[in-house]
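One-letter residues, chain by chain:
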Amino acid sequence: MNNILEINRLSVSYPSGRSGILSRGNITAVEDFSMELEEGCSLGLAGESGSGKSTVARAASNLLKFNNPGVRMSGNIVLKVNGEVYDYVRLNRGDRAKLRSHVQFIFQDPSGSLNPRFNIGEIIQEPLKHLTSLGKSERKNKVMNLLELTGLGEEIYYRFPHELSGGQKQRAGIARALAAGPKILIADEPLSSLDVSVQAQIINLFRRLKNELNLTLVFVSHDLSVIENLCTDVAVMYLGKIMERGKCGKVFSNPGHPYTKALISSVPVPAFSEDKRERILLSGDIPSTLSRPMGCVFAGRCPEASDECLKSVPPLEAKEDGREVACIKRR
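Nothing here was measured: the structure is a model prediction, and the numbers come from that model.

Conventions adopted
Residues numbered from 1 in each chain as written. Predicted model: local features only at pLDDT ≥ 70, side-chain atom pairs only at ≥ 80, totals over all residues. Heavy atoms only, no water. Phe/Tyr/Trp six-rings, centres within 6.5 Å; stacked < 30°, edge-to-face > 60°. Helix = DSSP H or I, 4+ residues; strand = E, 2+ residues; numbered from the N terminus. Buried < 20%, exposed > 50% of the residue type's maximum accessible area, 1.4 Å probe, protein only. Lys NZ or Arg CZ within 6 Å of the ring centre and 35° of its normal. Salt bridge = Lys/Arg side-chain N within 4 Å of Asp/Glu carboxyl O. 1 Å grid on protein atoms, 1.4 Å probe; cavity = no way out; pocket = protein on both sides within 12 Å on 5 of 7 lines; lining within 4 Å. Points joined across faces, edges and corners; volume = space filled by probe spheres on them. Nonpolar A, V, L, I, M, F, W, Y, C, P; charged D, E, K, R; others polar.

Participant: Which residues make up the packing of aromatic side chains, and what values go with them?
Facilitator: Any aromatic ring pair is given by two values, namely how distant the centres are and how the planes are angled relative to each other. For the structure on display, the rule yields six aromatic pairs. Centre to centre, the rings of Phe105 and Phe107 are 4.9 Å apart; their planes meet at 65 degrees, and the pair counts as edge-to-face. A ring pair is formed by Tyr238 and Tyr259, whose centres lie 4.8 Å apart and whose planes are at 65 degrees; its orientation type is edge-to-face. A residue pair is termed long-range when its members are at least 10 positions apart, and Tyr238 in strand S9 (residues 233-238) and Tyr259 in helix H11 (residues 258-265) qualify at 21 residues. Judged on exposure class, the residue Tyr238 and its partner Tyr259 are both buried. Just above the ring of Tyr157 sits the side chain of Lys140; from NZ or CZ to the centre is 5.4 Å.

Participant: Run through the pattern of salt bridges, naming residues and quoting values.
Facilitator: Taken as a whole, this structure holds twelve salt bridges when the rule is applied. Note that Glu212 is salt-bridged to Arg208, the shortest N-O span being 3.6 Å. Here Arg208 and Glu212 lie together in helix H8 (residues 196-213), a separation of four residues that amounts to about one turn.

Participant: So what's going on with unusual backbone geometry? Residues and values would help.
Facilitator: Residues other than glycine predominantly adopt negative phi, and peptide bonds predominantly adopt the trans conformation. Of note, Asn62 is a non-glycine position whose phi angle comes to about 65 degrees, a positive value. If you trace the backbone, Asn62 turns up in the loop between helix H1 (53-60) and helix H2 (64-67). A relative accessible area of 16% means that Asn62 is categorised as buried. A positive phi angle is found at Leu239, which is not glycine, with a value near 50 degrees.

Participant: Provide a residue-level description of the layout of surface pockets, including the pertinent values.
Facilitator: In this structure, the largest pocket spans a volume of roughly 600 Å³. Those elements that provide at least two residues to the lining of the largest pocket are helix H3 (93-102), strand S6 (103-106), helix H5 (120-131) and helix H7 (166-178). Considering every element that reaches the lining of the largest pocket, the biggest residue donor is H5, with five residues. For the lining of the largest pocket, the class distribution of residues is eleven nonpolar, seven polar and four charged. Taken as a whole, the second largest pocket holds about 410 Å³ of empty space. Along its surface, the second largest pocket is lined by 20 residues, and Glu36, Asp233, Arg245, Gly246 and Glu324 are the ones closest to its centre. Looking at the lining of the second largest pocket, the elements that each hand over two or more residues are strand S2 (26-38), S9 and strand S10 (241-247). The biggest single contributor to the lining of the second largest pocket is S2, with five residues. Tallied by class, residues from the lining of the second largest pocket come to seven nonpolar, four polar and nine charged.

Here it is as structure tokens:
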């Protein structure tokens, strides 16, 4: 299959505190991140809070520079759609509009991402106004179809966000993201504010939409069980770097990195289940991004770390089964 998105050596840093003499320096959220996304696949970005998952997702959707004036980015992000190539670094005004129609973002908090002054129909129509040439009646028909597609129903059209439940708000956010007909859908922790029963419904909705619309999906989550259930591929991140990536079946059945093992061991298992896991407890917290550790970024918490791990940065190396692991001990 063809790659639809290619990220090469992406690094992202934010200014910390105030500028001038009161500045504490820059926070490096992502460092030397590379990724190829095949058309039609579903990639899960996993890791603890502060691992850089959301930063990568926002960079891939070209949202970082607009929401964070002080952000610094290096590397390349290239989108390949319908025979055209868009380089995020060299986007002109016309290309930005095309990019927004090809790549859409679903926010973590549905309540904060929906304008309370507009009804749901008007909210979903906004992308159609700016990214398509549809007339008023065509836009309304399109919105009605999207409401039906996402399981909301036409009666939701004239309701306002405060009249909807959390699950309905998230479905409205998904409908808005689908309005312009994107090729890539990027979802940043879309289940974190929802009840467990509603989470299952949204997961099924994502799976159905991906298959019906032939979408390429990037799904950010700290919940590995969700990624295993929804995605074909997974990339495990820690302190802005990829520790391990590969097909979900191979990574979850035989994790190669100690950090991946620890994350998988933390996934809750029912008491009556025959699948019993030995819990791996990591000591300490994620290091400060203001002073990144030398060598492997995970070495300070790794139960298998050696002196070499504290000095050398492990490259992401391919294994025989197709997985890639960044660990000196796994060479």
